[in-house]
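Chain by chain, the residues:
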Amino acid sequence: MDLVLEVPDVQALTGAALAHIKADEFMPDEERGHAEAAVREDESEALAYLVDPTDLVSDIPGVELAQASWSSEPVEYDPESMEWDLDEEDGDFDEEPDNA
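As the structure is a prediction and not an experimental result, all values here were calculated from the model.

Conventions used here
- Residues numbered from 1 in each chain as written.
- Predicted model: local features only at pLDDT ≥ 70, side-chain atom pairs only at ≥ 80, totals over all residues.
- Heavy atoms only, no water.
- Helix = DSSP H or I, 4+ residues; strand = E, 2+ residues; numbered from the N terminus.
- Areas by Shrake-Rupley, 256 points an atom, 1.4 Å probe, with all protein chains shown as cover.
- Expected span 1.5 Å × (residues − 1).
- Buried < 20%, exposed > 50% of the residue type's maximum accessible area, 1.4 Å probe, protein only.
- Arc of directions from axis to C-beta.
- Contact = heavy atoms within 4.5 Å.
- 1 Å grid on protein atoms, 1.4 Å probe; cavity = no way out; pocket = protein on both sides within 12 Å on 5 of 7 lines; lining within 4 Å.
- Points joined across faces, edges and corners; volume = space filled by probe spheres on them.
- Axes fitted to C-alpha atoms, helices over the stretch in contact; angles between N-to-C directions.
- Parallel < 35°, antiparallel > 145°, perpendicular 65-115°, else oblique.
- Left-handed = near helix turned anticlockwise from the far one by under 90°.
- Salt bridge = Lys/Arg side-chain N within 4 Å of Asp/Glu carboxyl O.

### A closer look at the overall build of the chain
When helices and strands are counted, the chain shows 4 helices and 0 strands. Taken from N to C terminus, the helices and strands of the chain fall in the order α-α-α-α. When the accessible surface of the chain is split by element, carbon and sulfur atoms take 47% of a total near 8700 Å².

Listed below in structure tokens is the structure:
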């Protein structure tokens, strides 16, 4: 699964992540300080504190999450670029075998 998100209001995203971190009663103070610093420096980190991959699929009937890992990074999005053709699979799985 690939998601491309536009973040038009970085301050709102950062504020929501900081509020989420502050409200986490189980996070140790040392980790909280590190998390707050990371969120202030990088909106990708802010997003990571707000998005739980489990929440994305937990209510889908017939689906059971076997494993989840993800990363987030800022990129320049160009919808006209072939690199961003979301209809294509990653890799060469759609190619027909050469039976020559």
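After presenting the structure, the write-up continues.
### Topic: helix α1 (residues 10–23)
For α1, built from 14 residues, the straight-helix expectation of 20 Å at 1.5 Å per residue is met to within 8% by its first-to-last C-alpha distance of 20 Å. Residues of α1 that are buried: Leu13, Thr14, Ala17, Leu18 and Ile21. Buried residues of α1, viewed axially, fall in a sector of 130°; they line one side. Facing away from the buried side of α1 by more than 90 degrees, the exposed set consists of Gln11, Lys22 and Ala23. Residues of α1 that are buried sit in contact with α2 (29–41) and α3 (43–50).

### Looking at the layout of surface pockets
Approximately 1000 Å³ is the volume attributed to the largest pocket. Around the largest pocket sit 30 residues that line it, and Leu3, Val4, Leu47, Ser71 and Ser72 are the ones nearest its centre. Broken down by secondary-structure element, the contributors of at least two residues to the lining of the largest pocket are α1, α3 and α4 (53–57).

### Description of the packing of α1 against α3
Where α1 contacts α3, the two axes come as close as 9 Å, and the packing angle between them is 45°. Classified by the angle between their axes, α1 and α3 sit oblique to one another. Our pair here, α1 against α3, has a crossing hand that is left-handed. Where α1 abuts α3, its residues Val10, Leu13, Thr14, Ala16, Ala17, His20 and Ile21 lie against Glu43, Ala46, Leu47, Tyr49 and Leu50.

### Brief notes about the pattern of salt bridges
Considering all chains together, one arrives at 1 salt bridge under this definition. In this structure, Asp29 and Arg32 form a salt bridge, with 3.8 Å as the shortest nitrogen-oxygen distance. Of this pair, Asp29 and Arg32 both sit in helix α2, 3 residues apart, which is roughly one turn of the helix. Judged by relative accessible area, Asp29 falls into the exposed class, the value being 65%.

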